[in-house]
Amino acid sequence: MGVHRRERRRRQPHDHVGHGCRIRSVQSADVTDRWRATLFGSPLVVLVITSAAPAHVDPMPRFELVQPDLFSASGAQPNAWADFDNDGDLDEFVGFRGRPNRLYRQDRGRFEDVAAAVGLADAVETRAAAWGDFDADGNVDLYVGFIDGTPNKLYRNDGKGRHFTDVAAAMGVNLTGVTRQVSWIDYDTDGDLDLFVAFRDKPNRLFRNDGARFTDVTVESGVGDPRKTVGAVWFDVDGDGDLDLFVANQNGDMNGLFRNDGGRFVDVAREWGVEAPRRSQEFGGVGAAVADFDRDGFFDLFVANYGPSALYRSDRGRRFVDVTTSVGLFFEQHATTPSWGDVDNDGRPDLYVAGFLATDTHYPDHLFLNTPGGFHDALPQIVREHDASHGVQWVDFDGDGALDLALANNDAKGGHYLLRNLLDAAAARQSLAIDVVDDRARHTRPGAEVRVYAAGTRRLISSGLVDSGGGYCSQNVMPVHVATADAARVDVEVTTMNRKGRRVTRLSGVDPDAAARPLVVRTPAP
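The residue numbers shown here count from 1 along each chain, following its written sequence. In keeping with the model being predicted, local features are shown solely for residues with a pLDDT of at least 70 and side-chain atom pairs are shown and tallied solely at 80 or more, while totals for entire chains, interfaces and linings include all residues. Side-chain descriptors were evaluated using all non-hydrogen atoms of the structure, hydrogens and water having been removed beforehand.

Draft legend 1. Region of the structure containing the nonpolar core. Definition of nonpolar core: a set of buried residues of the types Ala, Val, Leu, Ile, Met, Phe, Trp, Tyr and Cys, connected through side-chain atoms within 4.5 Å. Only protein chains enter the accessibility calculation, which uses a 1.4 Å probe. A residue is then buried if its area is under 20% of the maximum for its type, exposed if over 50%, and partly exposed in between. Judged by nonpolar contacts, the single largest core of 33 residues is most densely connected at Trp81, Tyr352 and Leu405. Numbered from the N terminus, helices here are DSSP runs of H or I no shorter than four residues, and strands are runs of E no shorter than two. Looking at this core, the elements with two or more residues in it are β2 (63-66), β3 (76-82), β4 (91-96), β24 (350-355), β25 (366-371), β27 (392-395), β28 (404-407) and β29 (418-421). Core analysis: the second largest hydrophobic core is formed by 24 residues, Leu154, Leu193, Phe214 and Tyr472 among them.

Draft legend 2. Region of interest: the sheet that holds strand β8 (residues 141-146). Taking strand neighbours across the sheet as the criterion, the 5 strands line up as β10-β9-β8-β7-β33 in an open arrangement whose pairing is mixed. The two strands at the open ends of the sheet, each matched to only one other strand, are β10 (164-166) and β33 (474-475). When DSSP finds at least two bridges between two strands, those strands are taken to pair. Here β8 runs beside strand β9 (residues 153-157); their pairing, made up of 3 bridges, is antiparallel. Residue pairing for β9: Leu142 is matched across the bridge by Tyr155.

Draft legend 3. Quick peek at the packing of aromatic side chains. Ring pairs shown here join Phe, Tyr and Trp side chains whose ring centres sit within 6.5 Å, with only the six-membered ring taken for Trp; geometry is labelled stacked below 30 degrees between planes, edge-to-face above 60, and tilted in between. For the coordinates displayed, the defined rule picks out 17 aromatic pairs. Ring centres 5.7 Å apart and planes at 70° place the aromatic pair Phe71 and Phe111 in the edge-to-face group. Residue Phe71 is located in the loop between β2 and β3, and its partner Phe111 is located in strand β6 (residues 110-113); the two are separated by 40 residues in the primary sequence. Across this residue pair, the class does not change: Phe71 and Phe111 are buried. Joined through ring pairs, the aromatic side chains of Phe71, Trp81, Tyr104, Phe111 and Phe397 make up one cluster.

Draft legend 4. Representation of the environment of Phe302 in the model. The residue Phe302 is located in strand β20 (residues 300-308) in this model. In sequence terms Phe302 and Val353 are 51 residues apart; their C-alpha atoms lie 9.9 Å from each other. It only takes one pair of heavy atoms within 4.5 Å for two residues to be counted as in contact. Leaving out residues up to four positions away in the same chain, Phe302 has contacts with Gly287, Ala288, Ala289, Ser309, Ala310, Leu311, Leu329, Phe331, Pro338, Trp340, Leu351 and Val353.

Draft legend 5. Quick peek at the environment of Gly501. Tracing the chain through its elements places Gly501 in strand β36 (residues 501-510). Linking Gly501 and Pro526, residues 25 residues apart in sequence, is a C-alpha distance of 9.3 Å. In this view, Gly501 contacts Asp240, Gly241 and Thr496; residues no more than four positions away in its chain are not counted.

Draft legend 6. Main features of the environment of Val178. By the element assignment, Val178 lies in the loop between α3 (168-171) and β11 (179-185). Taking the C-alpha atoms as reference, Val178 lies 5.4 Å from Phe199; in sequence the two are 21 residues apart. Leave out the neighbours within four places in its chain, and Val178 touches Phe146, Ile147, Ala198, Phe199, Arg200 and Asp201.

Printed below as a string of structure tokens:
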């Protein structure tokens, strides 16, 4: 079966749901006076769209701060989680501007910054951070991206996190430029991790992992989009067994959707309905996030934009359809980072969206709960006061079964707070943490799909992806959180990419109460 167990305001941004209506649009603004003047003719606009009340309104989620003094430092941008020291719990790397980067080692729920001790305390502005085991030695490594001409760094983990060594030059990936999303992915399904790096000032790059060194395959692969990319996410859009690439492009540039045709990429964004022509250079894509929001078995795409953000529903893997307004997600503002996470374990993925305005510490964020009647905003006050501008990660750091929030706000008065989800214990147990590894127990499966069904049926309860990039120019190595709702037993399916197509590994009759957390699932070699 291949299963292994391991124990172990300054401003009130908007009103909340009212009687018979819900907020469908919120404040809109931009860093520039030009957008303020031309888009709406005034610096603040609140739009309220009346609609039928949702059939069900979930209670507002509850959170509490974790070690707030430790996480109060300003300037945080990307944040990424992984178990860098192989001790069984998740640790957090945070990239900064204006102060050295931090690496928080977790020891049974307590965090300590050990970046200087292990060699990761760079003091230059950091915009990207991606964990990935590029040398497949069982220790996760870290790629860090900068913007000021400092060459990016590839930190090899020298063993259980005791020290990291920069090997970027030796491996041929010491790139310079205005770095944005970095992703470790196996684009050619040969079993090792390749490297994708997006830029805002030059074409994106793709490097094939050839063992002793990376080979630049940007030109021959066709993935070198010259537009101003910020966000990117890899997933099997068309279900053909290899990973495709969506890029969110800024400054008036249209998005790209690069279909992987056997290692050669073709931009099909227009045909698939996600190109998103811009009204002006002030508009553009920032972050992208993938989830099966309607539980039809196909992964959908949300794009946070400067301007109207968008939710694209997959039309059974043939194209995308913009359903933003019909599901209650239309809003128009300076959105940066989306992140899907099932905050209440009901099987419907909820959506956090961060907002950013250079002049506003707490520019509006949103927590859209996914209910049977559509999405509605339910951002708790404690999150509003400790919100994000850039980094957003859903992570069950304490292993209790409920997704917690790690946020990063780069404002001078912002922080990078960790908030524990106070979901009641019974509901928290209605979930699984699926740690997808390869046949040699290595983390080489970004983009793999996890689905949970009611046992003995094809009733889909929830799903998720092994992280392939997101959360603001970051990538995690951590288990996939999937809800089991009220099912006593579930069947789990993990779909990996293979040179012969898609391959499914099945676990039948899993008891969520008895399952190890995480539940480690070995998948076959490509």
